[in-house]
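Tertiary structure, described
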Amino acid sequence: MNFTLRVWRQPNSRTPGRLESYPARNIDPNMSFLEMLDVVNEQLTLENREPIAFDHDCREGICGMCSLVIDGEAHGPEERVTSCQIYMRSFKDGATITVEPFRSKAFPILKDLIVDRSALDRIIQSGGFISVNTGQAPDANALPIGKDLAEQAFDVAHCIGCGACVAACKNASAMLFVSAKVTHLGLLPQGQPERDRRVRAMVSTMDAEHFGNCTNQYECEAVCPKGISAANIARLNRDYALASLKGMFTKKSESAGGG
Amino acid sequence: MTQLDAKIPSGPLAQKWDRHRAAIKLVSPTNKRKFEILVVGSGLAGASAAATLAEQGYSVKCFCFQDSPRRAHSIAAQGGINAAKNYQNDGDSIYRLFYDTIKGGDFRSREANVYRLAQVSVNIIDHCVAQGVPFAREYGGLLANRSFGGAQVSRTFYARGATGQQLLLGAYQALSRQIGLKQVQMIPRADMLELVLVDGQAKGIVVRDSVTGKISSHSGDAVVLATGGYGNVFNLSTYARGSNATAIWRAYKKGALFANPCFTQIHPTCIPVSGDYQSKLTLMSESLRNDGRCWVPKKAGDKRAADAIPEEERDYYLERLYPSYGNLAPRDISSRAAKRVCDEGRGVGPSGLGVYLDFSDALKRLGEATIRERYGNLFDIYHEITGENAYQAPMRIYPAIHYTMGGLWVDYNLMSNVPGLFVVGEANFSDHGANRLGASALMQGLADGYFVLPYTIGHYLAGSKKVKPSVESAEFRQAESETEARIARLLGIRGKRTVSDIHKQLGKILWENCGMARNRQGLQDALQKIPALREEFWGGVTVPGEGKDLNQSLEKALRVADFLELGELLCRDALAREESCGCHLREEYQTPEGECKRNDEEYAYAAAWQYAGETSAPVLCKEPLIYEELPMATRSYK
Ligand SMILES: Cc1cc2nc3c(=O)[nH]c(=O)nc-3n(C[C@H](O)[C@H](O)[C@H](O)COP(=O)(O)OP(=O)(O)OC[C@H]3O[C@@H](n4cnc5c(N)ncnc54)[C@H](O)[C@@H]3O)c2cc1C
Ligand code: FES
């Protein structure tokens, strides 16, 4: 197969970028999208030109590192997969394919297709955990947890933190990401003691990190490679409202800042 | 030659760890804050160590090369984590987990370490549940278990097919909490390129910021390497693309011994290679062998589709050869069995390098819904990659490089022979001998990081003078300038071959000569070819771009340069070990059935290699393996 790529090239965060065209020739339909980029990069290298920079690591849909907008869609044309799980058989021979980074005010571009998603880490650092030190835990079976509850918790805990939800949202909202963690820990009995401070701290960090508001467009859910449901956002809003209300009556210690 | 002292505590095996902990020196809470510990790596081993050390009050700096600690390669582990909880009441115990691990490792691991590992395994599950890890459960609300290879009990805890992800996120969240509390300074997108010794002690590292290309030094009172395995030396593997050996290789070149480099695990169930362009191989978790049956046609060259081959013309070779373990025979044995049937011309798929993993019996017995619940995401991955539906036709699988049992030599305290340099997780050599059992790497990484290192490092720190050196000192300056020079040299070659091209060639040499079967001639050939390839690399590779910039070609070149040296040590070690054990099958030393023939008289030792400079061969130091509790026996899974 043969393709024409239009790829976003940008030397660094300070210099403006633009789309440039590259041919991708003799592509096997069973190649992954990233393997196709490898082939293009090998060619550029041999021509003494700079290869296209893109983030990737596991190449099996779990590390959350790959982050391409392919033909306008975060993680490309297939549902429920990451960029590294797109295969060239999904494209028409001869097609022109546009490749851009995950764009968002909260994700500055570092180079070409690579963006800085550390804002997501900072949200977790502000409260996305259960405060338990090593060595303090009781026997694991001392706390039975229903099978269905454990499965529900897994469904949201499966978030890979890729940020596609943010990239797809016209408001650059991180609500799906935050709701996944708040729901995961909020569903489990172990997560109850910190439930209120967690949601308050995570939402306030989210606001401080330049993420936008959710206006119920559900683009996030559509691109999520792990199929995390936007219904969790409603749950997040409820949790947040309740926690804020309670917060008005109790002495606040908003510095969950690490717990 | 360095004399190795494993510092195994005296006393009966079952009491060694408790006694040792009681005797270990402690650091007072006020002093802990004054010690700064550098942890390189944020996988299960690194994140758990960094979080726990910070909880204890130490100042910690943690480094990783990904953009976030949550993306370390541990995230990809699928199947599960072992622990001797005996929740299933099927006769499991600490002793049995210890026994299975030693036997699985073909009597080439250190007895005292393995016993401790089995002991702390139970604490890991408790801690992870407290962190909110959503392990699979039974309807009654208690934890569920599955079986893994090399065991006859059900002791593997799991979270669907993403156990590594859930455990790592637990450790990442614990780490994040400490970052939020400013107890840990996290430095992502950083490549450690050099270890710095001051007066013979590990006191710092040199890193390259992969966004700006800036080279900088960090000093500390101790250095912990948690940088994972080196399987990417083979190029094609189940590792993440960035997994590398640079941190441990640089430490080796600074005097840390590298133990058993040739002990590399080949996993029996991976999706077969489909083309030359392939960048990585994808694992299909061993847990699938709970319900999947391996088979090939009885007749060589049988090209019929799987469903056209009647039952009596199929060879369920693992069940036939190893009736008491069947499809759950250990990895080394299952991989070689697959290779043998393919070598006989009975392999399936377009390349003939594949065997079937068939779920039709389990689907009939349990129904599709149950199979989907157990392995849904694995079947999905299989479908994405191959375009085939494993609910309808059997999977095709083939062995691939997956894990490295070898690594930097450490003593019972997880300290290398370089004082102040600790090594945890897959990066060290200690617990799995010549073959690791499934679901035991996650266990070891978390045991090291949560429950062992945080104690043993205190013993070292309490006994050492607090002399965190300045990064302005001569040792750091020199390490930085050597690193800058290496980078400048790579960028200055501008030859005609790409880094990937050379890496592929190295991988091919190693896979053919130091893979599933090894022999003297092949290893000697490889020892000629690798230095020649290295010369070609340094004379003719091309690395585009600049040093002071985000430059992925340069990152890769630095890693491959180290692989080109490590590859040689692998072959040297495999050549020197004139016996077969676990993963290491030397064709000259096998039983008539093609099983490993160990030579305990001469080779019951860990082979720890000492760097001796660019122009001399490394020196082999031996740590004899003494079994106090278990008599060395011939491994049998028949
Ligand atoms: C596909 C797959 C499935 C697996 N499934 C299982 C399973 O079911 N059960 C099981 O027990 N085991 C499994 N394993 C093995 C297990 O996942 C690993 O052995 C284990 O996770 C290794 O953990 P680690 O912390 O030692 O290293 P890693 O998780 O590899 O972490 C290495 C860390 O070091 C950092 N690093 C590396 N080099 C540098 C450098 N030069 N500079 C700075 N930072 C660096 C990285 O950024 C990373 O943070 C599996 C492995 C694979 C590949
Ligand atoms: S590279 Fe890991 S999810 Fe795509």
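Since the model is a prediction, treat every value here as computed from it, not as a measurement.

Observations concerning the sheet that holds strand β13 (residues 314–315) of chain B
Residues and elements named next belong to chain B. With antiparallel pairing, 5 strands are arranged side by side in an open sheet as β11-β15-β14-β12-β13. Either end of the sheet is taken by a strand with one partner, and the two such strands are β11 (264–270) and β13. Relative to strand β14 (residues 355–358), strand β12 (residues 293–297) runs antiparallel, the two being bridged by 3 bridges. Bridge assignment links R293 to a residue of β14, and that residue is D358.

Quick look at the domain arrangement of chain A
Residues and elements named next belong to chain A. Partitioning chain A into structural domains gives domain 1 (3–114) and domain 2 (118–258). On the side of domain 2, 19 residues touch domain 1, which itself brings 15 residues to the contact. Contact with domain 2 buries surface across domain 1, with R80, A106 and F107 losing the most and accounting together for 34% of the total. Joining domain 1 to domain 2, the criterion identifies 0 salt bridges. Across the contact surface, domain 1 and domain 2 share 1 residue pair in polar contact (both at pLDDT 80 or more).

Some thoughts on the interface of chain B and chain A
Chain B puts 76 residues into the contact, and the matching count from chain A is 77 residues. Looking at the side of chain B facing chain A, the largest losses of area belong to B:R71, B:R177 and B:Y277, adding up to 12% of the total buried there. The interface formed by chain B and chain A contains 8 salt bridges. Viewed at the interface, chain A and chain B are joined by 45 residue pairs in polar contact (both at pLDDT 80 or more). Counting only elements with at least two residues in the side of chain B that touches chain A, the list comes to α3 (44–56), α5 (111–131), α6 (163–180), α11 (368–386), α12 (441–463), α14 (499–513) and α16 (552–576) of chain B. Considering only residue class, the side of chain B that touches chain A consists of 28 nonpolar, 29 polar and 19 charged.

Topic: the site of ligand 1
Residues and elements named next belong to chain B. In the region of ligand 1, 35 residues are neighbours, and Q66, S74, M192, E426 and L442 sit closest. Between ligand 1 and A45, the relevant distance is 3.0 Å, taken from an oxygen atom to a main-chain nitrogen or oxygen of the residue. The side chain of E426 places a nitrogen or oxygen atom 2.6 Å from an oxygen atom of ligand 1. Contact with the protein chains covers 98% of the free accessible surface of ligand 1, which is 1,000 Å². Every element with two or more residues in the shell around ligand 1 is listed here: α3, β6 (190–198), β15 (395–404) and α12. Looking at the shell around ligand 1, the element that brings in the most residues is β6, giving 3 residues. When grouped by side-chain class, the residues that make up the shell around ligand 1 number 16 nonpolar, 16 polar and 3 charged.

Considering the packing of helix α4 (residues 94–104) of chain B against α5(B)
Residues and elements named next belong to chain B. One way to put it is that α4 packs onto α5 with a least axis distance of 8 Å and a crossing angle of 135 degrees. Judged on the interaxial angle alone, α5 and α4 are oblique. In this structure, the crossing between α4 and α5 has a hand that is right-handed. Contacts from I94, Y95, L97, F98, T101 and I102 of α4 reach α5 at E111, V114, Y115, A118, Q119 and S121. Of the residues that constitute the contact of α4 with α5, the class distribution is 8 nonpolar, 3 polar and 1 charged.

With respect to the pairing of strand β1 (residues 36–40) of chain B
Residue and element names in this part refer to chain B. In terms of burial, β1 is a largely internal element, 5 of the 5 residues being buried. With burial as the criterion, each face of β1 is covered, one bearing E36, L38 and V40 and the other bearing I37 and V39. Here β1 pairs with strand β2 (residues 59–63) via 5 bridges, running parallel. Looking across to β2, one finds that V39 is bridged to C62. Once you follow β1 into α3 and on to β2, the crossover reads as right-handed. Pairing of β1 with strand β9 (residues 222–225), which is carried by 4 bridges, proceeds in the parallel orientation. If you follow V40 over to β9, its bridge partner there is L225.

Re the sheet that holds strand β7 (residues 201–209) of chain B
All names here are of chain B. In space, the 3 strands of this open sheet follow the order β6-β7-β8, with antiparallel pairing throughout. The open sheet has two edge strands with one neighbour each: β6 and β8 (215–219). For this sheet, the mean angle separating the axes of adjacent strands, direction not counted, is 25 degrees. Where β7 meets β8, 5 bridges bridge the pair, whose relative direction is antiparallel. Each residue of the ladder has a partner; that of V206, found in β8, is S217. Strand contacts of helix α13 (residues 474–493): β6, β7 and β8, with the helix running at about 140 degrees to β6, the strand carrying the most contacts.

Focus: the environment of B:P268
All names here are of chain B. With respect to the helices and strands, P268 occurs in strand β11. When the C-alpha positions of P268 and G105 are compared, they lie 16 Å apart, and in sequence the two are 163 residues distant. Other than its neighbours up to four places away in sequence, P268 contacts R289, R331, S334, S335, I397, Y398 and P399.

Regarding the side chain of A:Q85
Turning to its location among the elements, A:Q85 is positioned in the loop between β4 (73–74) and β5 (96–101). A polar contact of 2.7 Å, which involves the side chain of A:Q85, links it to the side chain of B:E384. If we skip the residues at most four places from it in the chain, A:Q85 touches A:E60, A:G61 and B:E384.

With respect to the nonpolar core
Soluble globular proteins tend to bury their nonpolar side chains together. Counting residues in hydrophobic clusters, the biggest one holds 274 residues, and the most contacted among them are A:F33, B:L225 and B:F537. Take this core: its biggest share by element is 13 residues, from α16(B). When sequence neighbours within four positions are dropped, the list of residues in contact with B:L225 reads B:V40, B:M192, B:A247, B:I248, B:A251, B:L408, B:L421, B:F422, B:V423, B:V424 and B:A427.

A short note on the packing of helix α2 (residues 118–125) of chain A against α6(B)
Two elements in contact, α2(A) and α6(B), have axes separated by 8 Å at closest approach and are oriented at 85 degrees. The angle between α2(A) and α6(B) falls in the class roughly perpendicular. Contact with α2(A), carried on its side by A:D121, A:I124 and A:Q125, involves B:Y172, B:Q173, B:S176, B:I179 and B:G180 of α6(B) and no other residues of that element.

Structural notes on the side chain of B:N413
Residue and element names in this part refer to chain B. Its location among the elements puts N413 in the loop between β16 (407–408) and β17 (421–423). When its relative accessible area of 8% is taken as the criterion, N413 is described as buried. When sequence neighbours within four positions are dropped, the list of residues in contact with N413 reads K7, H20, F422 and T456.

Description of the packing of aromatic side chains
All names here are of chain B. According to the stated counting rule, one finds 26 aromatic pairs over all chains in the structure shown. Arranged with centres 5.8 Å apart and planes meeting at 70 degrees, the rings of F422 and Y460 form a pair that is edge-to-face. On the criterion of sequence distance, the pair formed by F422 in strand β17 and Y460 in helix α12 is long-range, its members being 38 residues apart. Accessibility assignment for this pair places F422 and Y460 in one class, buried. Feature note: the residues Y230, W249, Y252, F258 and Y611 constitute an aromatic cluster, connected by ring pairs. Note that R21 overlies the ring of Y455, its terminal NZ or CZ placed 5.3 Å from the centroid. Lying over the aromatic face of Y403, R436 brings its terminal NZ or CZ to 4.0 Å of the ring centre.

Quick notes on the domain arrangement of chain B
Residues and elements named next belong to chain B. Partitioning chain B into domains gives domain 1 (267–402) and domain 2 (476–604). Look at where the C-alpha atoms of domain 1 and domain 2 centre, and you get two points 30 Å apart. Each partner contributes to the interface: domain 1 provides 12 residues, whereas domain 2 provides 11 residues. Buried surface at the junction of domain 1 and domain 2, summed over both partners, amounts to about 860 Å²; 56% is from carbon and sulfur atoms. Considering only the surface of domain 1 that becomes buried against domain 2, R336, K339 and R340 emerge as the three largest contributors, covering 49% of it. For the pair domain 1 and domain 2, the interface holds 3 residue pairs in polar contact (both at pLDDT 80 or more).

About the cut-offs
Residues numbered from 1 in each chain as written. Chains lettered and ligands numbered in written order. Predicted model: local features only at pLDDT ≥ 70, side-chain atom pairs only at ≥ 80, totals over all residues. Heavy atoms only, no water. Pairing = 2+ DSSP bridges. Helix = DSSP H or I, 4+ residues; strand = E, 2+ residues; numbered from the N terminus. Domains from an automatic or database assignment. Contact = heavy atoms within 4.5 Å. Buried area = accessible area lost by both parts, 1.4 Å probe. Salt bridge = Lys/Arg side-chain N within 4 Å of Asp/Glu carboxyl O. Polar contact = N/O pair within 3.5 Å; in protein donor to acceptor, adjacent residues only side chain to side chain. Nonpolar A, V, L, I, M, F, W, Y, C, P; charged D, E, K, R; others polar. Near = heavy atom within 4 Å. Areas by Shrake-Rupley, 256 points an atom, 1.4 Å probe, with all protein chains shown as cover. Axes fitted to C-alpha atoms, helices over the stretch in contact; angles between N-to-C directions. Parallel < 35°, antiparallel > 145°, perpendicular 65-115°, else oblique. Left-handed = near helix turned anticlockwise from the far one by under 90°. Buried < 20%, exposed > 50% of the residue type's maximum accessible area, 1.4 Å probe, protein only. Right-handed = clockwise from strand over helix to strand, strands pointing away. Core = buried A, V, L, I, M, F, W, Y, C linked by side-chain atoms within 4.5 Å. Phe/Tyr/Trp six-rings, centres within 6.5 Å; stacked < 30°, edge-to-face > 60°. Lys NZ or Arg CZ within 6 Å of the ring centre and 35° of its normal.

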